[in-house]
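A look at the structure
What follows is each chain in one-letter form.
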Amino acid sequence: MVERGTSTQDPGAPLTPGGPTPPGAGDRAPGRGFWAMRDLPTAAWLTLAVIASAAHRSLPAAPWLLLHLVFLGAITHAILVWSQHFALALTRSTLTVGGRRTQNTRLILANVGIALVLTGVPLGVWPLTVGGAALLIVAVIWHGISIIRRLRGALTGPFTRTVRYYIVSATCLPVGAALGAWIAGPGDPGGRLTLAHAIINALGWIGLTVAGTLVTLWPTMLRTRADDRASANAARALPVLAGGVLVAALGAAAGVGALVGLGLIAYAAGLGLLGVSFARSARRTPPRSFATLSAGAGVLWWAACLVVIVVRSAPAWPIGSELTPIVQAIDWAAPFLAAGFAAQVLLGALSYLVPVVVGGGPTPVRVGTTAFDRLGGLRVSTANVALFVCALPVPSLVRVASSVLYLVAMAAFIPLLLIALRRQSQAKRAGLRLEAPAPDAAGDASARRRGPMAPEGEQPRGRRAGQAVAGLLAIILVAAIGGALDPHALGSAGAFTPGPSTNSTAPDSANAPVRTVQVTAANMRFTPSRIEVPVGTRLVIELTNTDPELVHDLVLANGVQGSRLAPGASETIDVGVVSGDVAGWCSIAGHRQMGMTLDIIATDAPGADDTGDAAGGMEGMDHGTHSGGEGGESAAALIDLSKSPSDGFEPYGAVLDPLPKADGPVTHRITLPVTEQVQEVAPGVTQRLWTFGGTAPGPVFHGRVGDTFVVTLVNDGTIGHSIDFHAGALAPDQPMRTIAPGESLTYTFTATRSGIWMYHCSTMPMSAHIANGMYGAVIIEPDDLPEVDRSYALVQGEYYLGPQGGEVDMDRVMTGDPDLVTFNGYAAQYDHAPLPARVGERVRVWVLDAGPNRATSFHVVGGQFDTVWSEGRYLINRARDTGSQSLGLQPAQGGFVELVFPEAGHYPFVSHVMIDAERGAHGIFEVAD
């Protein structure tokens, strides 16, 4: 039975007359500390999220885990605790001792379920995931039913209707959790259910709860009266918001982009209704404490992310369009919804609510509030500026450093929570009821400026402003240091300075006439690609990258260079005074060779600028020379394979371990970061490689027929990249799309056929991306593959060397004449670190030719193969009276050979395309008795 409780206002939560009843007002049966203590698991989930973020490179499914630790762990637990608390306050009900036990049981069920899901999904144990989802669904349905019963027995008030937000949101999570459990098992090849799952959980379960709570909590935190129309707007907004979630989710599941768009627009309209009341309250009493600044910033991120999702998903709205733009928009927004919206609203709300519900009178509440407000301006400004920097197309070093600063700013809440609870409890026990000292003249003036409703213990305005500026300066410093450490990603420091004249007699640029031309970069073309300018004119180019996926820049032969532009970005480039023809091009590897050139033609000019050809393209290039591309002389002159590798050399692991036994198909969850790093590729020769997982080739993925691979590709590079797994059969439109720096995608495929399959970056020009290290192998064993004593995996690749420490020479790639040919990414590395075997052991060697251009003929000197398996078929299988001497493969083909070494010794293995063996495609088997 639901009983009516008291409505005594808590003296620790001063409110303007006419404001909503403060949640937590009155000493009810469970005791004030009940609510605060029940939220300690929220802090625990947030702590795990911080730990996971620090260790994300070594965790399976790290991006998924981070998002779900915040959304499913911290936010869900907080919703279950505080929506009950608000329902009690708004219905003026009492939670009995029995009700407290019931609440504890629900929370235990929910948290056990969450823990099982967060364990089962990364490990690929579907029964564990299903069990966890079932416990969570039971807990949330039980939670919703309890609120319905409470509402039916309540006295109605102007804000009682907001309790309906909790009831509607409680219908969302069971559906979203069920979809999530299904996706983790049978999978979701088309991605539709995953999209519906994200919409229902983020906008429904979390969004509706936050919206309903802020109707009353926001003015209460500001210590001002609620907007006169807040209750009416909340009543009107609920069906619009709920309908928007329903329509968008159904549209996602059905693959109808128009419905998704309609639902998102409706949801934005409902949020706008509530936003009017939120804005009026904030205008009346601006946010000043950490609690209000954090919650207010969270709402702004919520609205901004929703706008971005709506705008970026628009191309998917026409009938028959793919959902890819919507998926990309939500993939981009998800981290900011978690870190910007959900986390900030949660921490802001808790910073206000915990001191109020712990209670004890004005002084203890002030003690707790002061602890939470410590360095509030610095924490809020640092977190939000860092998030904003992460949303920009900045170098990966800047993004990583900004992420660390964000984590530090947000993680400070955890120790502050413990400090606040301890200090407030001490103040309660001491029974402090001290009067504030009489202010002096300065203090009195300060008090008058704050006004009577300003929270005691709030930091002076000047100090808050100073902390905010300090947070901003910290991010600027990080960006400057990151740019200095990674100038390649930022472009030339002088990209925006006027370019030099190509003729010493050119007129002074200050007095020259100016012509401004708008140029777009997309689809490997500049438009216009030819600009005619009278001699003596100062040319200014306004360059916009309209390519939906790729990063571009503009480099001119007169030395002027723009910065690298992410999709949608633009900049102004001052070419300088034109006195001759000038060639321009995109300097991203391979883009110039694909035709991305720009010609500036000086009319009445005496001739072309001798620093570059007028055509700016491939015509007239001498492919007999090897300059090393745009960056200087090639590192090919440094090749000496008789030398030893540099200190610290570690060979690429060629050993292929046996697969563990399994009762059925296994789900492999892998996070694969794209990185750009300088690595040694031969003794004394270094290149700036683009890598999957930090190595070239990328890691070998190993499984059986029937296994599912869920690969999260995270682009930590400076240009667009993608991935193409030959081991899976599926439409390439979505999973193989190019993603911009800072973005991620999830590529899911089921291995239905055995073999050694290539994976590689499929961003154009593909030859450049593969030749610069972006390739690897997936080995899928057939069910009847016999065991052997040892297995090795060798992936042949090619290097077309740019300058020392530089990137691939695309001109050299187009000749098909590599400088180095390697097994597993380093020339002749297994000469220096031989692969071991023993006499009489059966050795299986898997071989993949990753190309991009050269075929191979794998041969073991002194050995004979009795088993050869090539591209899905046995050529010979454990033959007794015949054999094979080599395994011939074209690029992107693979197979394996087996042999038994007859006696101890050193057996070289090579590509029997002998010029390639001499370029580094050789190694040694060291066979012992």
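Residues numbered from 1 in each chain as written. Predicted model: local features only at pLDDT ≥ 70, side-chain atom pairs only at ≥ 80, totals over all residues. Heavy atoms only, no water.

**Some details on the overall build of the chain**
This is how the line gets drawn: To qualify as a helix, a DSSP run of H or I must reach at least 4 residues; to qualify as a strand, a run of E must reach at least 2; elements of each kind are numbered from the N terminus. Note on classification: 1.4 Å probe, protein chains only; a residue is buried when its accessible area is under 20% of the maximum for its type, exposed when over 50%, partly exposed between these limits. Contact definition: two residues touch when any of their heavy atoms are within 4.5 Å. We get accessible surface area from the Shrake-Rupley algorithm with a probe of 1.4 Å; when it comes to residues, only the shown protein chains can shield them.
Within the chain, the secondary structure is distributed over 22 helices and 29 strands. With 929 residues in all, the chain has 55% of them scored as buried. Considering only intrachain contacts with a sequence separation of at least 6, the fraction spanning at least 24 residues in the chain is 76%. Counting only carbon and sulfur atoms, one obtains 59% of the accessible surface of the chain, whose full area is about 36700 Å².

**So, the sheet that holds strand β29 (residues 922-928)**
In a beta sheet, neighbouring strands pair by backbone hydrogen bonds and run either parallel or antiparallel. Cut-off, in case you're wondering: Note on pairing: two strands pair once DSSP finds at least 2 bridges between them. Where helices are involved, their axes are fitted lines through C-alpha atoms of the stretch in contact, as for all axes, and angles between N-to-C directions lie from 0 to 180°.
If you trace the five strands from one edge of the open sheet to the other, you get β21-β29-β28-β23-β26, paired in mixed fashion. Looking at the sheet topology across the chains shown, the edges are occupied by β21 (835-838) and β26 (887-889). Strand after strand, the sheet turns through a mean of 20° between neighbouring axes, direction not considered. Bridge count between strand β23 (residues 856-860) and β26: three bridges; the pairing is antiparallel. Paired with Thr856 across the strands is Leu889, a residue of β26.

**Some words on the side chain of Gln424**
Within the secondary structure, Gln424 is located in helix α15 (residues 413-430). Every residue in contact with Gln424, bar those within four places of it in the chain, is listed here: Pro355, Val358, Gly359, Pro364, Val365, Val367 and Gly368.

**Some remarks on the packing of aromatic side chains**
We count it as follows: Only centres within 6.5 Å qualify two rings of Phe, Tyr or Trp (six-membered ring in Trp) as a pair; their planes then separate them into stacked at under 30 degrees, edge-to-face at over 60, and tilted for everything else.
All chains considered together, the criterion is met by 26 aromatic pairs. Here Trp301 and Phe336 contribute two aromatic rings whose centre-to-centre distance is 5.8 Å and whose plane-to-plane angle is 5°, an arrangement assigned as stacked. Separated by 35 residues along the polypeptide, Trp301 in helix α10 (residues 290-313) and Phe336 in helix α11 (residues 324-358) bring together distant segments of the chain. Here the two residues Trp301 and Phe336 agree in accessibility, since each one is buried. Look at Trp302 and Phe341: their rings are 4.5 Å apart centre to centre, the planes differ by 20°, and that puts the pair in the stacked class. With a gap of 39 residues between them, Trp302 in helix α10 and Phe341 in helix α11 connect regions that are remote in the sequence.

**Some details on the confidence of the model for the chain**
What counts, and what does not: The pLDDT value expresses, per residue, how confident the predictor is, ranging between 0 and 100.
In this model, the chain carries an average pLDDT of 81, and 82% of its residues clear a pLDDT of 70 or more. Note that pLDDT drops below 50 for residues 478-508; the model gives that stretch 62 contacts with residues more than four away or on any other chain.

**Describing the environment of Ala314**
Within the secondary structure layout, Ala314 lies in the loop between α10 and α11. On the basis of relative accessible area, Ala314 is assigned to the partly exposed category, the value being 30%. Through-space distance from the C-alpha of Ala314 to that of Ile326 is 7.8 Å; in sequence the pair is 12 residues apart.

**Remarks on empty space enclosed by the protein**
Put simply, the test is: Both cavities and pockets are sets of points on a 1 Å grid over the protein atoms alone; in a cavity a 1.4 Å probe fits but cannot get out, in a pocket the set is open with protein on both sides within 12 Å along at least five of seven lines, and lining residues sit with an atom within 4 Å of a point. Grid points are joined across faces, edges and corners, and a volume is the space filled by probe spheres set on the points. In this count, Pro and Cys sit with the nonpolar residues alongside Ala, Val, Leu, Ile, Met, Phe, Trp and Tyr, while Asp, Glu, Lys and Arg are called charged and the others, Gly among them, polar.
Evaluation of the coordinates by the stated rule reveals seven cavities of 30 Å³ or more. Reported here for the largest cavity is a volume of approximately 290 Å³. Contributing elements (two or more residues each) for the lining of the largest cavity: α3 (62-91), α7 (192-222) and α11. Considering every element that reaches the lining of the largest cavity, the biggest residue donor is α11, with seven residues. A breakdown of the residues in the lining of the largest cavity according to their chemical character gives 17 nonpolar, three polar and no charged.

**Some remarks on helix α4 (residues 97-123)**
Put simply, the rule is: To estimate how far a helix should reach, multiply one less than its number of residues by 1.5 Å.
Its 27 residues give α4 an end-to-end C-alpha distance of 39 Å, which sits within 8% of 39 Å, the value for a rise of 1.5 Å per residue. The first or second residue beyond α4 is Gly124, which carries a positive phi of 75°.

**Quick word on the nonpolar core**
Definition in use: Definition used in this section: a nonpolar core is a set of buried Ala, Val, Leu, Ile, Met, Phe, Trp, Tyr and Cys residues joined via side-chain atoms within 4.5 Å.
Ranked by internal contacts, the top residues of the largest apolar core, which has 123 residues, are Ile199, Leu241, Leu274 and Phe341. With 24 residues, α11 is the largest single contributor of residues to this core. When residues no more than four places from it in sequence are discounted, the contact partners of Phe341 are Ile206, Val210, Gly298, Trp301, Trp302 and Phe336.

**What about a nonpolar patch on the surface?**
Heads up, the rule is: Surface patches are drawn from residues lacking salt bridges whose relative accessible area is over 30%; two like charges belong together within 9 Å, two nonpolar side chains (Val, Leu, Ile, Met, Phe, Trp, Tyr) within 5 Å. Any carboxyl oxygen of Asp or Glu within 4 Å of a side-chain nitrogen of Lys or Arg constitutes a salt bridge here.
Together, Trp126, Val130 and Trp182 give the surface a local cluster of nonpolar side chains, amounting to about 280 Å² of exposed area. As for its position among the elements, Val130 is in helix α5 (residues 126-152).

**Here we look at the packing of α11 against α15**
Cut-off, in case you're wondering: Each angle receives one of four descriptions, namely roughly parallel if under 35 degrees, roughly antiparallel if over 145, roughly perpendicular if within 65 to 115, and oblique otherwise. By convention, the crossing between two helices is left-handed when the near helix turns anticlockwise from the far helix through less than a right angle, and right-handed when the turn is clockwise.
Contact pair α11 / α15: the axes reach a minimum separation of 10 Å and the direction vectors enclose 15°. Overall, the two elements α11 and α15 adopt an arrangement that is roughly parallel. By crossing handedness, the relation of α11 to α15 is classed as right-handed. Residues Leu347, Leu350, Ser351, Val354, Pro355 and Val358 of α11 pack against Phe413, Leu417, Leu421, Gln424 and Lys428 of α15. Residues of the contact of α11 with α15, tallied by class, amount to eight nonpolar, two polar and one charged.

**Digging into unusual backbone geometry**
A cis amide bond, omega -5°, links Thr527 with the succeeding residue Pro528. Summarising the element assignment, Pro528 is placed in the loop between β4 (525-527) and β5 (530-534). Here Ala696 and Pro697 are connected by a cis peptide whose omega angle stands at 0°. Located in the positive-phi region is Arg223, a residue other than glycine, with phi close to 60°.

**Points about the pairing of strand β3 (residues 514-522)**
Here eight bridges tie β3 to strand β6 (residues 537-545), and the two strands are oriented parallel to one another. Along β6, the bridge assignment pairs Val519 with Leu543. Sheet topology note: the β3/β4 ladder contains three bridges and is antiparallel. Paired with Ala521 across the two strands is Phe526, which belongs to β4. Here β3 hands over to β4 after two residues, with Asn523 in that stretch at a positive phi of 55°.

**Thoughts on the sheet that holds strand β16 (residues 744-750)**
With mixed pairing, the four strands of this open sheet are ordered in space as β12-β11-β14-β16. Only two strands of the sheet have a single neighbouring strand rather than two, namely β12 (685-692) and β16. Between one strand and the next, the sheet's axes are offset by a mean angle of 25°, whatever the strand orientation. Sheet topology places strand β14 (residues 708-715) next to β16; seven bridges connect them, and they run antiparallel. Paired with Val710 across the bridge in β16 is Thr748.

**A look at the side chain of Arg106**
The condition that has to hold: Residues adjacent in sequence count toward polar contacts only when both atoms are side-chain atoms; beyond that, a polar contact is any pair of N or O atoms within 3.5 Å, and within protein one must be able to donate a hydrogen and the other to accept it.
Following the sequence through the fold, Arg106 ends up in helix α4. Relative accessible area serves as the criterion here: at 6%, Arg106 is assigned to the buried category. In this structure the side chain of Arg106 is engaged in a polar contact, spanning 2.9 Å, whose partner is the side chain of Gln103. Contacts of Arg106, omitting those with residues within four sequence positions, involve Gln84, Ala139, Trp142, His143 and Ser146.

**Thoughts on the packing of α4 against α5**
Running from amino to carboxyl end, α4 crosses α5 at an angle of 150°, the nearest separation of the two axes being 7 Å. Accordingly, the angle class assigned to the pair α4 and α5 is roughly antiparallel. α4 and α5 meet at a crossing whose hand is left-handed. Tallied by class, residues from the contact of α4 with α5 come to 14 nonpolar, 10 polar and one charged.

**A closer look at helix α12 (residues 362-372)**
Looking only at α12, the buried set comprises Thr363, Pro364, Val365, Gly368, Ala371 and Phe372. Against α10, α11, α13 (376-390) and α15 lie the buried residues of α12.

**Quick notes on the environment of Tyr652**
One can find Tyr652 in the loop between β10 (597-603) and β11 (667-682). A relative accessible area of 14% means that Tyr652 is categorised as buried. Spatially, the C-alpha atoms of Tyr652 and Ala833 are 9.6 Å apart, while their sequence positions differ by 181 residues. Those residues in contact with Tyr652 that sit more than four places away from it in its chain are Thr695, Pro697, Gly698, Pro699, Val700, Asn824, Gln829 and Tyr830. Here the side chain of Tyr652 touches Gly698 through a polar contact of 2.6 Å, landing on its backbone oxygen.

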